Amino acid sequence: MPAYKRILLKLSGEALMGDDAFGINRATIVRMVEEIAEVTRLGVQVAIVIGGGNIFRGVAGGSVGMDRATADYMGMLATVMNSLALADTMEKAGLVARVMSAIAIEQVVEPYVRPKALQYLEEGKVVVFAAGTGNPFFTTDTAAALRGAEIGAEIVLKATKVDGVYTADPNKDPKATRYSTISFDEAMGKNLQVMDATAFALCRDQKLPVKVFSIFKPGALRKVVQGGDEGTLVHV
Ligand SMILES: Nc1ncnc2c1ncn2[C@@H]1O[C@H](COP(=O)(O)OP(=O)(O)O)[C@@H](O)[C@H]1O
Ligand SMILES: O=c1ccn([C@@H]2O[C@H](COP(=O)(O)OP(=O)(O)O)[C@@H](O)[C@H]2O)c(=O)[nH]1
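All values reported here derive from a predicted model rather than from experimental measurement. (Residues numbered from 1 in each chain as written. Chains lettered and ligands numbered in written order. Predicted model: local features only at pLDDT ≥ 70, side-chain atom pairs only at ≥ 80, totals over all residues. Heavy atoms only, no water.)

A. Region of the structure containing the overall build of the chain. In terms of helices and strands, the chain carries 8 helices and 9 strands. For a compact globule of 236 residues, the expected C-alpha radius of gyration is about 18 Å, and the chain comes in at 16 Å, within 12% of that figure. Projected onto the principal axes, the alpha-carbon positions of the chain cover approximately 50 × 50 × 35 Å. Restricting to contacts in the chain with at least 6 residues of sequence separation, those with at least 24 account for 71%. (Helix = DSSP H or I, 4+ residues; strand = E, 2+ residues; numbered from the N terminus. Rg over C-alpha atoms; globule rule 2.2 N^0.38 Å. Contact = heavy atoms within 4.5 Å.)

Below is the structure:
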């Protein structure tokens, strides 16, 4: 039995590179889609926000002298490309997927319209929210929090490169240990960087829990959806 009826899954753009230098690693995305299909078969409604860090990150563009807002719009367009690739892979796997964009590019994808998204979810379609929040200076983590709250998801599942929230960045501090649960206030107070503060604050205020888990661990998504002990639960 799944523990949730409706989830918002945030997929790291950067993690989708797999071992490649950029772009989307085929094996990684195919495996992720298999896991998404498994979860939909359990009867869970799935909405997805995908990042763009594998193609472009606004801060990176900004740091080389590009106008930050322009760089961020490039980052948002990168998430559209990832969303199209993900939806295509899902369709090939027999799922019905719909991409909705936060910025108007109607020849490419339909615009985000909340009631339409809710309708798709009720129909069992997987909805991919592209172009983040549609605003520069935000991240796709914040888009996941925003859309998750809007569609009444019971939880935001952040599938990322690390298998949870640690006492410090585990990629920099080998002595860091993983929390099994942590409150939003503690995560923000300790300035733990696994999610940005805007996303954390929005989830906290909306009482929307977040589960951080590894995108690389086979079976982790299903385990999380079934309420198993996996990753880190960030709670109010
Ligand atoms: N306290 C922490 N616990 C876990 N990860 C952390 C922590 N502090 C920093 N990180 C870093 O946060 C990264 C995940 O966040 P981010 O780069 O935004 O991923 P995503 O591409 O999924 O949005 C991890 O790869 C890890 O290096
Ligand atoms: O609401 C949003 C979401 C994303 N971005 C831009 O898109 C890039 C890619 O998203 P993100 O870094 O969140 O992707 P991920 O970390 O998952 O790879 C960001 O760096 C920002 O430049 C943005 O400007 N507004």
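Picking up after the structure, the text goes on.
B. The site of ligand 1, seen in detail. As a structural note, the neighbourhood of ligand 1 is formed by 18 residues, with S12, T160, Y166, D169 and N171 the closest of them. In the environment of ligand 1, an oxygen atom lies 2.7 Å from a nitrogen or oxygen atom belonging to the side chain of T160. Q193 places a main-chain nitrogen or oxygen 3.5 Å from a nitrogen atom of ligand 1. The residue makeup of the shell around ligand 1, split by class, is 7 nonpolar, 5 polar and 6 charged. (Near = heavy atom within 4 Å. Polar contact = N/O pair within 3.5 Å; in protein donor to acceptor, adjacent residues only side chain to side chain. Nonpolar A, V, L, I, M, F, W, Y, C, P; charged D, E, K, R; others polar.)

C. Structural context of the environment of T40. Structurally, the position occupied by T40 is in helix α1 (residues 26-41). Note on T40: relative accessible area 19%, which makes it buried. Through-space distance from the C-alpha of T40 to that of R6 is 9.9 Å; in sequence the pair is 34 residues apart. Among residues more than four places away in sequence, those in contact with T40 are V46, L95 and V126. Within polar-contact distance, the side chain of T40 engages the backbone oxygen of A37 at 2.7 Å. (Buried < 20%, exposed > 50% of the residue type's maximum accessible area, 1.4 Å probe, protein only.)

D. Representation of the confidence of the model for the chain in the model. In this model, the chain carries a mean pLDDT of 95, and residues with pLDDT of at least 70 account for 100%. Listed scores for the predicted complex are pTM 0.96 and ipTM 0.93. (pLDDT = per-residue confidence, 0-100.)

E. Highlighting the pairing of strand β6 (residues 155-160). Counting buried residues in β6 gives 6 out of 6 residues, a clear majority hidden from the surface. The side-chain alternation of β6 yields two buried faces, one formed by I155, L157 and A159 and the other by V156, K158 and T160. Both strand β1 (residues 6-11) and β6 contribute to a ladder of 5 bridges, which runs parallel. Within β6, the residue paired with K10 across the bridge is K158. Sheet topology note: the β6/strand β8 (residues 210-214) ladder contains 5 bridges and is parallel. Within β8, the residue paired with T160 across the bridge is S214. (Pairing = 2+ DSSP bridges.)

F. Just the UniProt feature "binding site: ATP" (unreviewed entry) in the chain, in detail. With numbering matched to this structure, UniProt assigns "binding site: ATP" (unreviewed entry) to K10, L11, S12, G13, G53, R57, T160, Y166 and D169. Considering the C-alpha atoms alone, the annotated residues occupy 160 residues of sequence and remain spread out, their largest mutual distance being 23.7 Å. Residue classification places L11 among the buried positions, given a relative accessible area of 0%. With near-sequence residues (within four places) excluded, L11 lies in contact with M32, I36, I48, V49, I50, G51, L86, A159 and I215. Considering the arrangement of structural elements, one finds R57 in the loop between β2 (45-50) and α2 (58-63). Taking the relative accessible area as the measure of exposure, R57 reaches 40% and is therefore partly exposed. There is a polar contact of 2.7 Å between the side chain of R57 and the side chain of E14. (UniProt positions renumbered as here; feature names shortened; annotations may be inferred.)

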